[in-house]
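A closer look at the structure
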Amino acid sequence: MTRAFAPAAALIAPAAALIALSACSMVPADVRPALPVPSAFPTGAAYGEPGDAALPVLGYRDVFRDARLQSIVEQALANNRDLRIAAANIETARAQLRAQRAEQLPLVNTNNTASFADAGTGRTNNGGAPVQGGQRTNLNVGLGVTQFEIDLFGRLAALTRADQARYFASDVGARATRLALIGDIAAAWLQYAADKSLLMIADETLANASASVRLTRARLDGGIAARTDVAQAETVLATAQSDRAVQLTALAQDVNALQLLVGAPVDAALLPTAIAEAAGSIGDAPAALETSILLRRPDVVQAEYQLRAANAEVGAARAALFPRLSLTTLAGLASNGLSQLFTTRAFNYTATPTVSYPLFAGGRNKAALAGARAQFDVAVASYERAIQIAFREVADALARRGTIDDQLGAQTRLVAATRDSFTLSEARYRGGVDSFLANLDAQRSLYQAQRSLTQTQLVAATNRVTLYRTLGGDALVDAARDGPVVASPTKP
């Protein structure tokens, strides 16, 4: 349609009416899938007392109360490369969302031309000096929109919705990365504390073994001990020396692990001195009773948003089965003289709607829809699997939590008993009442009991860290800001 003159509203009104028609959406309704796990966490002898139905939001400072550990965490949040990668992924998703949103808006181009033609010979000079002789001049100034798609069936809106869900998934994924990082740092910090305690046990055993070697050699020289006593004492001494070397290596590797997590050197003053001290600074996260609390875990929410994106892709594929309406417009000023270019008589416009529908595409669009539905099914299974994994992690942590105190108490009593046994056995050996073999067995028992207690203290403290991580920590989020997540798309 071409007119010599019309007000600008005559061009804008039809386009606005067409855009208003694009309210139709082919995206299936959002319905959150049912939880693929029991409604409550397990109970019984291994799980202790049940927790509360509602779980409060906890900051990592509420659980990790040692100022040294808090300082390391703060340093890691500023320097860790995984967090930087996650932040960059968020920016990428945000840019993709902006680009997709722009597809719903018309692209307006400017077109300015000037041409001069020789009326006698037909020679033309565009944009250069006028030719000689009789001339014809054409001047054009205009704005144009080329092939702007009127989103009648919501295809572009569905694609925008999918990219928005992916952006939210990236944002929640960064929170999941942050939560995992904090938990890994706390676990590495505790591991250093345990290895530090094991080094002290090795040093103590080394000192006792050295004293035993000196004693047995003195008794051998005095003719009141067998050479086998010296050999047995040297065996314990060599074992302690070997274990000490292993623990020195472990401590160095623990520092390396912490530095990788932090992304910078770690001040030695921020490292713990023993597992008993470090474990006492780790608070106990409250346990939840209802499994619906898992829906606030960052990794589960991330899977929900990925499910949203797959559902929106189904809507876009459904919309692609219907005709597409596009609009090409041009409005501007045209005249054969500069003095008349900016007058109302020089205004003209063109609006060309186009409807396209593939009569034959070899089933391409239907195949795309089938592929989108298959990807949706993958997203549903991935979402349910994320919940099942979360349930298993929390249940395992609760089972360990329900029994670790009993184990810790038993190990503590075992260390006390073996220490008394070693003290009495050493005294009896010095008095010539017992053989060195009995003293050796008591020394080995004490050594193993001390190491087992250290490992149990580490397990108890790490279990509290695991509960913090599996219950969501301070990164608890809710996907309800955009409504529930879809369960299954309805077929057109």
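Residues numbered from 1 in each chain as written. Predicted model: local features only at pLDDT ≥ 70, side-chain atom pairs only at ≥ 80, totals over all residues. Heavy atoms only, no water.

Below, the discussion takes up the pattern of salt bridges. Any two side chains of opposite charge can pair, so long as their charged atoms come close to each other. A complete count under the given rule lists 14 salt bridges for this structure. Residues Asp 66 and Arg 68 are paired through a salt bridge, measuring 3.0 Å at the closest nitrogen-oxygen approach. Of the two residues examined, Asp 66 and Arg 68, each falls in the buried class. One salt bridge in this structure joins Glu 393 and Arg 297, with 3.1 Å as the shortest N-O distance. One end of the pair, Glu 393, is in helix α9 (residues 364–430); the other, Arg 297, is in the loop between α7 (275–279) and α8 (298–319), and 96 residues separate them in sequence. Overall, Glu 393 belongs to the partly exposed group, its relative accessible area being 31%. Connected through shared salt-bridge partners, Asp 66, Arg 68 and Glu 277 make up one network. (Salt bridge = Lys/Arg side-chain N within 4 Å of Asp/Glu carboxyl O. Buried < 20%, exposed > 50% of the residue type's maximum accessible area, 1.4 Å probe, protein only. Helix = DSSP H or I, 4+ residues; strand = E, 2+ residues; numbered from the N terminus.)

If you trace the backbone, Asp 243 turns up in helix α6 (residues 227–262). Buried charge without a salt bridge: Asp 243, with Arg 451 as the nearest opposite-charge side chain at an N-O distance of 4.4 Å. In this structure, Asp 243 is in contact with Ala 202, Tyr 447 and Arg 451, ignoring residues within four places of it in sequence. (Lys, Arg positive; Asp, Glu negative; His and termini not counted. Contact = heavy atoms within 4.5 Å.)

Now for the packing of aromatic side chains. Overall, the coordinates contain three aromatic pairs when judged by the stated rule. On the basis of an interplanar angle of 65° and a centroid distance of 5.1 Å, the ring pair of Phe 64 and Tyr 468 is categorised as edge-to-face. With Phe 64 in the loop between α2 (60–63) and α3 (67–79) and Tyr 468 in helix α10 (residues 436–470), this pair connects stretches of sequence that are 404 residues apart. Grouping residues by exposure puts Phe 64 and Tyr 468 together as buried. A centroid spacing of 5.3 Å and a plane angle of 50° characterise the contact between Phe 168 and Tyr 305, whose relative ring orientation is tilted. (Phe/Tyr/Trp six-rings, centres within 6.5 Å; stacked < 30°, edge-to-face > 60°.)

Judged by nonpolar contacts, the single largest core of 64 residues is most densely connected at Phe 64, Leu 69, Ile 185 and Leu 190. Going through the elements one at a time, α2, α3, α5 (155–221), α6, α7, α8, α9 and α10 are the ones with two or more residues in this core. Top contributing element to this core by residue count: α9, with 13 residues. Each residue touching Phe 64, except ones within four places of it in the same chain, is listed here: Leu 69, Gln 70, Ile 182, Ala 186, Ser 281, Ile 282, Val 465 and Tyr 468. (Core = buried A, V, L, I, M, F, W, Y, C linked by side-chain atoms within 4.5 Å.)

Further remarks concern the environment of Ala 309. Looking at the element boundaries, Ala 309 is found in helix α8. Here the alpha-carbon distance between Ala 309 and Ala 162, two residues 147 residues apart in the chain, equals 4.0 Å. Excluding residues that lie within four positions of it along the chain, Ala 309 makes contacts with Ala 162, Ala 165 and Arg 166.

Right, let's get into the packing of α5 against α8. At a minimum axis distance of 8 Å, the contact between α5 and α8 shows a crossing angle of 165°. The orientation of α5 relative to α8 falls into the category roughly antiparallel. Crossing handedness for the pair α5 and α8: left-handed. (Axes fitted to C-alpha atoms, helices over the stretch in contact; angles between N-to-C directions. Parallel < 35°, antiparallel > 145°, perpendicular 65-115°, else oblique. Left-handed = near helix turned anticlockwise from the far one by under 90°.)

Looking now at the confidence of the model for the chain. Close inspection of predicted coordinates is inappropriate in any region flagged by low pLDDT. The share of residues in the chain with pLDDT of 70 or more is 74%, and the mean pLDDT across the chain is 78. Mean pLDDT values over the elements of the chain span from 40, in strand β1 (residues 2–3), up to 95, in α7. This stretch, residues 1–13, has a pLDDT under 50; its non-local contacts, to residues over four places away or in other chains, come to 20 contacts. For residues 119–134, every residue scores under 50 in pLDDT, and the model assigns this stretch 26 contacts once sequence neighbours within four places are set aside. (pLDDT = per-residue confidence, 0-100.)

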